[in-house]
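What follows is each chain in one-letter form.
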Amino acid sequence: MAKPKAARSSRATAPRKVAIAILAAGKGTRLRSKDPKVLHRIGGRPLLEHVVLAALNVAAAKDVFAIVGHEEERVRAAVQHTGVRFISQPEQRGTGHALICSREALRGYDEVVVLSGDVPLIKPETIQRLLDFHTSKGASMTILTTEPSDSTGYGRIVRKSGDNVAAIVEQKALNPKQQKIKEINSGIYAFSAADLFSRLDRLTTDNAHREFYLTDMASLLTKDKKKVLALRAADAHEVLGVNTRAELAQLDAEVRRRKASELMSEGTTIFYPETCVIDSGVSVGPDAIIEPFVQLLGNSTIGENTRVASYSVITDSDIGANVTIRPGCIITESAIASGAVLGPYAHLRPGSEIGENAHIGNFVETKKTKLGKGSKANHLTYLGDAVIGENVNVGAGTITCNYDGVNKHRTIIEDGVFVGSDSTLVAPVRIGKGAYVGAASTVTEDVPSDALVIGRARQEIKEGWAKSRREKRGASK
Ligand code: UD1
Ligand code: CA
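Because the structure is a prediction, the values reported are computed rather than measured.

A. Quick peek at the overall build of the chain. The helix and strand tally for the chain stands at nine helices and 39 strands. On C-alpha atoms alone, the chain measures out to a radius of gyration of 32 Å, which is more than a quarter above the 23 Å that the 2.2 N^0.38 rule sets for 477 residues. When its C-alpha atoms are laid out on the principal axes, the chain stretches across 110 × 70 × 40 Å. Intrachain contacts of the chain at a sequence separation of at least 6 include 41% that bridge at least 24 residues.

Right, dumping it as structure tokens:
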């Protein structure tokens, strides 16, 4: 192992214990929503989850703390799966107060990085760069800043000299001269834990919102001759906050732009990417083709060489390789094996499993149904609670009557069955291997293997009937 470089200060010698605290206790009044702000989604993921995932690239889950308060239980539940820890801020009395509530939990750390639950596009590299800059300069507080095209609403950075900051001034407290400052506070900081926690008691609520502002730490530390530095983020987008629905839409578009570029660089073709809605959690294999106006949502995966045609909406589903999805398919919580062909206008509801090279055609709806390898249901059919074997042909207009008004029942169709068009299969029912269902049959009882079932009225022919009716009509005139 290489020897560590000679330390310039004691601070660089021992490994520093770093905590990441994410402010997520606020209500988000400006969204005018019943839901807490940090649970609003961009790229299909709650704002807070974006921030948590970035933090987890820099620190272990045991060192990442989400500070929660408003609708605390719901916020916790949304990111519980990531393994991060939680700190309660029961009353939301400002960003400074959030840190006051964190003092106990963060005891024992040397540095505290503060992220904002409503600044979702922050990248792990930037968090790391902030931390490295902060520790290498021996700063007490380092503020990540930027100059967005519109600074309205943000706290502004009052620089002293070079990278040194005198104060952060909130929008409502700006004097005319400060209103010209373009550099804003991103709400993302690195602090020396000791310098921060020993001064939190000196924060006051002497401001427009009667809250404890974390931003006031900048001037407090500067007055104590501590080092407060500003570090500019390379990309202004990364540190944009979400306070309004309009900002939510802007950032959503940005996340999806990023996602589409990432997929394209990994070998996916996306036509008119600006018309496609692809969630952050989606993965797409190389040489897949995504046509205009497609939505790929949740944790869907799309296999290699698969084509998804326009106006299809795929949610939390696994689509294999070499699958053809024709226009207008709606696929939810389902699995499609390789080589299958779907649509146009197929509706695959939760629990549909479509086998290798199987076909589901236009206006076919499936629910909790397994369609075996090579089987086909090509037109105008409903298949619910059905287990269908391999190489089965389900004729046009076939319906599984799976619901008796109270309970759902299963239909089993074994390998090689041929179901004639317009058949109704009244569940529970089983059609044995290789059997043949005559068109327009109503099947109410199990059919043995290799049998033919015909369940319909026998055809009757009345010779000359139509002609004599026409003649009678003519006579009565
Ligand atoms: C804050 C900064 C502002 C900065 C901006 C960047 C302060 C006083 N101002 O303003 O300088 O330019 O962020 O986006 O800090 N929160 C809590 N507990 C509270 C209050 C807020 O956890 O008691 C959380 C919120 O949920 C949110 C974050 O802190 O995730 C920021 O709060 P918000 O009210 O949005 O602050 P801004 O007005 O945007
Ligand atoms: Ca904010």
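There is more to say, and it comes next.
B. Examining helix 3 (residues 72-79) more closely. Among the residues of helix 3, Glu 72, Val 75 and Val 79 are the ones counted as buried. For helix 3, the angular spread of buried residues about the axis comes to 70°, placing them on one side. Exposed residues on helix 3 whose side chains face more than 90 degrees from its buried face are Glu 73 and Ala 77.

C. Representation of the side chain of Ser 312. Inspection of the secondary structure assignment puts Ser 312 in the loop between strand 18 (307-308) and strand 19 (313-315). Polar side-chain contacts of Ser 312 include one of 3.3 Å to the backbone oxygen of Arg 326. In this structure Ser 312 touches Phe 293, Val 294, Gln 295, Ile 325, Arg 326, Pro 327, Gly 328 and Cys 329, once residues within four positions along its chain are discounted.

D. Looking closely at a nonpolar patch on the surface. On the surface, a cluster of nonpolar side chains totalling about 400 Å² of accessible area is made up of Phe 418, Tyr 436, Leu 452 and Ile 454. You can see Leu 452 is positioned in strand 39 (residues 452-453). For Leu 452, a relative accessible area of 55% translates into the label exposed.

E. The arrangement of the pattern of salt bridges in detail. Inspection of the entire model under this criterion finds 29 salt bridges. Close ionic contact of Arg 199 with Asp 195 constitutes a salt bridge, the shortest N to O distance being 3.9 Å. Its relative accessible area of 14% is what places Asp 195 among the buried residues. The shortest N-O distance in the salt bridge between Arg 256 and Asp 279 comes to 2.8 Å.

F. Representation of the sheet that holds strand 14 (residues 283-284). Spatial ordering of the open sheet is given by 14-17-20-23-26-28-30-33-36, a layout of nine strands whose pairing is parallel. Both edges of this open sheet fall to strand 14 and strand 36 (429-431), since each of them pairs with a single strand only. Bridge count for strand 30 (residues 386-388) against strand 33 (residues 411-413) is three bridges, and the pairing is parallel. Residue pairing across strands places Ala 386 opposite Thr 411, the latter belonging to strand 33.

G. Highlighting the nonpolar core. Of all hydrophobic cores here, the largest spans 46 residues; its most connected members are Leu 296, Ile 325, Ile 331, Ile 336, Leu 342, Ile 354 and Ile 360. Those elements that provide at least two residues to this core are helix 8 (245-265), strand 27 (359-367), strand 29 (376-384), strand 30 and strand 36. Among the nonpolar cores identified, the runner-up in size contains 35 residues, and Ala 59, Ala 66, Val 113 and Phe 133 belong to it.

H. Geometry of unusual backbone geometry. At the junction of Gly 343 and Pro 344, the peptide bond is cis and its omega measures out at 0° in the coordinates. By the element assignment, Pro 344 lies in the loop between strand 24 (341-342) and strand 25 (347-348). Even without being glycine, Tyr 272 reaches a positive phi, approximately 45°. Its location among the elements puts Tyr 272 in the loop between strand 12 (269-270) and strand 13 (277-278). The phi dihedral of Asp 287 is positive, around 65°, even though this residue is not glycine. Along the chain, Asp 287 turns up in the loop between strand 14 and strand 15 (289-290).

I. Seen up close, the coordination of the calcium ion (ligand 2). Summarising the metal site, the calcium ion (ligand 2) is bound by the protein donors Asp 118 (OD) and Asn 243 (OD1), whose distances to it range over 2.3 to 2.6 Å. Of this pair, Asp 118 sits in the loop between strand 6 (111-116) and helix 5 (124-136) while Asn 243 is found in the loop between strand 11 (228-232) and helix 8, placing the two residues 125 residues apart along the sequence. Each member of the pair, Asp 118 as well as Asn 243, carries the same accessibility label: buried.

J. Inspection of the confidence of the model for the chain at higher detail. The share of residues in the chain with pLDDT of 70 or more is 96%, and the mean pLDDT across the chain is 95. Under a pLDDT of 50 for its full length, residues 1-10 has, in the predicted model, two contacts with residues more than four places off or in other chains.

K. A look at the packing of aromatic side chains. Overall, the coordinates contain five aromatic pairs when judged by the stated rule. Between Phe 293 and Tyr 311 the ring centres are 5.6 Å apart and the planes differ by 10°, which places this aromatic pair in the stacked class. With a gap of 18 residues between them, Phe 293 in the loop between strand 15 and strand 16 (295-297) and Tyr 311 in the loop between strand 18 and strand 19 connect regions that are remote in the sequence. On the basis of relative accessible area, Phe 293 is assigned to the partly exposed category, the value being 43%. Ring centres 5.6 Å apart and planes at 10° place the aromatic pair Tyr 345 and Phe 363 in the stacked group. Linking Tyr 345 in the loop between strand 24 and strand 25 with Phe 363 in strand 27, this pair joins segments that are 18 residues apart in sequence. Residue class for Tyr 345 comes out partly exposed when judged on its relative accessible area of 45%. In this arrangement the basic side chain of Lys 17 is found over the ring face of Tyr 109, its NZ or CZ atom lying 4.8 Å from the centre.

Rules behind the numbers
Residues numbered from 1 in each chain as written. Chains lettered and ligands numbered in written order. Predicted model: local features only at pLDDT ≥ 70, side-chain atom pairs only at ≥ 80, totals over all residues. Heavy atoms only, no water. Helix = DSSP H or I, 4+ residues; strand = E, 2+ residues; numbered from the N terminus. Rg over C-alpha atoms; globule rule 2.2 N^0.38 Å. Contact = heavy atoms within 4.5 Å. Buried < 20%, exposed > 50% of the residue type's maximum accessible area, 1.4 Å probe, protein only. Arc of directions from axis to C-beta. Polar contact = N/O pair within 3.5 Å; in protein donor to acceptor, adjacent residues only side chain to side chain. Patch = residues over 30% accessible without salt bridge, like charges linked within 9 Å, V, L, I, M, F, W, Y side chains within 5 Å. Areas by Shrake-Rupley, 256 points an atom, 1.4 Å probe, with all protein chains shown as cover. Salt bridge = Lys/Arg side-chain N within 4 Å of Asp/Glu carboxyl O. Pairing = 2+ DSSP bridges. Core = buried A, V, L, I, M, F, W, Y, C linked by side-chain atoms within 4.5 Å. Donors = N, O, S within 2.8 Å, 3.2 Å for Na, K, Ca; no water. pLDDT = per-residue confidence, 0-100. Phe/Tyr/Trp six-rings, centres within 6.5 Å; stacked < 30°, edge-to-face > 60°. Lys NZ or Arg CZ within 6 Å of the ring centre and 35° of its normal.

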